[in-house]
Amino acid sequence: MQRYFTNLKENNNFILNSDDLYHLKVVMRATKNDMVEVVYNNKLYIAMIDNNNVVLKNEVEDNILKQKELILCIPLLAEQKMSFVLQKATELGIDKIIPFITTRSIVKLDEKKELKKLERWYKICKEASQQSKRLTIPIISSIKTIEDLNIDGLKILCSTIEKANTLKKVLNKVNIYDTIVIVVGPEGGLTKDEEQRLIKQGFIATSLGKNIMRVETVPIYLLSVINYEMME
């Protein structure tokens, strides 16, 4: 059953946006009396299509409680790589994504381009949330600097320099924290100065092993390992 998100509801009618209505009617070829899932205020409902409206039928109990908040800090990447990371991180349960600027960032955005990018990134995360049957859409912040990444939690800094602090050792501390913050560097990695600035903020420079991964691979690897560690 297809799932959609909405923030609008009138009486018992959910109001989907034009893109979702197009997908529902044209792509999925849904017709009157077909059933769909609708997420409203982080709650899941089963709804029925009635002419142009999606009509509330009943609320569905969802007892899956997430115990940790996952935050991904990702440098500005080329469009295709950024889209891939956003989509896969959403499928793997990320709660917040913070794009940030580094010395070696290839992509540069002015204010006007940033707003367009944020709209596109939100749409990617929304569609991935619907596909993966989430109840929430990841929050995407405005573009930050390294100094803005000082967030409380277990702070993991992916490092190609550090050898002693392995991911396995760092995740032994995972149960102490409610929030896990991950910082991934750009192509070419963070500079030594950038790593030191983050370490001073409490980030733990962490080795992911001998193999050097592409920047778009790192978040997927990390989130997969973290999900496994937190699995009950």
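So, here's what we can say about the structure. Fair warning: this is a prediction, and the values are worked out from it, not measured in the lab.

Cut-offs used in this document
Every residue gets a number counted from 1 within its own chain, in the order that chain's sequence is written. Local features in this predicted model are restricted to residues of pLDDT 70 or higher, and side-chain atom pairs are both shown and tallied only at a pLDDT of 80 or more, whereas totals for entire chains, interfaces and linings draw on every residue. Neither water nor hydrogens contribute to the side-chain values; these are computed over all heavy atoms in the structure. Strands are runs of DSSP state E lasting at least 2 residues, helices are runs of H or I lasting at least 4, and numbering of each runs from the N terminus. Between the first and last residue of a helix there are one fewer steps than residues, each counted as 1.5 Å, and that sum is the expected span. Whether a residue is buried, partly exposed or exposed follows from its accessible area with a 1.4 Å probe, protein chains only, as a fraction of its type maximum: under 20%, in between, or over 50%, in that order. Here, two residues are considered to be in contact whenever any of their heavy atoms come within 4.5 Å of each other. We place a 1 Å grid over just the protein atoms. Points where a 1.4 Å probe fits but has no way out form a cavity, open points with protein on both sides within 12 Å along at least 5 of 7 lines form a pocket, and any residue with an atom within 4 Å of a point lines it. Grid points are joined across faces, edges and corners, and a volume is the space filled by probe spheres set on the points. When residues are grouped by polarity, Ala, Val, Leu, Ile, Met, Phe, Trp, Tyr, Cys and Pro land in nonpolar, Asp, Glu, Lys and Arg in charged, and all others, Gly among them, in polar. In the sections that follow, a salt bridge refers to a side-chain nitrogen of Lys or Arg positioned within 4 Å of a carboxyl oxygen of Asp or Glu. Strand pairing requires that DSSP identify at least two bridges connecting the strands.

**What to know about helix α3 (residues 111–131)**
Part 1 of the reasoning: Compared with the 30 Å implied by 1.5 Å per residue over 21 residues, the 30 Å span of α3 between its first and last C-alpha is a close match.
Part 2 of the reasoning: By the burial criterion, the buried members of α3 are Glu 114, Leu 118, Trp 121, Ile 124, Cys 125, Lys 126, Ala 128, Ser 129 and Gln 130.
Part 3 of the reasoning: Summarising the contacts, the buried residues of α3 are in contact with β1 (3–6), α1 (18–27), α2 (79–91), β8 (96–100) and β9 (139–140).
Part 4 of the reasoning: Lys 133 occupies a position one or two residues after α3 and carries a positive phi of about 65°.

**Describing the layout of surface pockets**
Part 1 of the reasoning: Roughly 370 Å³ of internal volume is contained in the second largest pocket.
Part 2 of the reasoning: Taken together, 25 residues form the lining of the second largest pocket, with Cys 158, Thr 160, Ile 212, Met 213 and Val 218 sitting closest to its centre.
Part 3 of the reasoning: Here the residues of the lining of the second largest pocket are counted per class, giving nine nonpolar, nine polar and seven charged.

**Side note on the pattern of salt bridges**
Part 1 of the reasoning: Applying the stated criterion across every chain, the model contains 10 salt bridges.
Part 2 of the reasoning: The shortest N-O distance in the salt bridge between Asp 19 and Lys 123 comes to 3.8 Å. Placement of Asp 19 in helix α1 and of Lys 123 in helix α3 is noted, with a sequence separation of 104 residues between them.
Part 3 of the reasoning: When its relative accessible area of 42% is taken as the criterion, Lys 123 is described as partly exposed.
Part 4 of the reasoning: In this structure, the salt-bridge partner of Asp 20 is Lys 126, at a minimum N-O distance of 2.6 Å.

**A word on the pairing of β1**
A regular strand places its side chains on the two faces of the sheet in alternate fashion.
Part 1 of the reasoning: Covered by surrounding structure in β1 are Arg 3 and Phe 5 together with Tyr 4 and Thr 6, the residues of both alternating faces.
Part 2 of the reasoning: Relative to strand β4 (residues 35–40), β1 runs parallel, the two sharing four bridges. Within β4, the position partnered with Arg 3 by the bridge is Glu 37.

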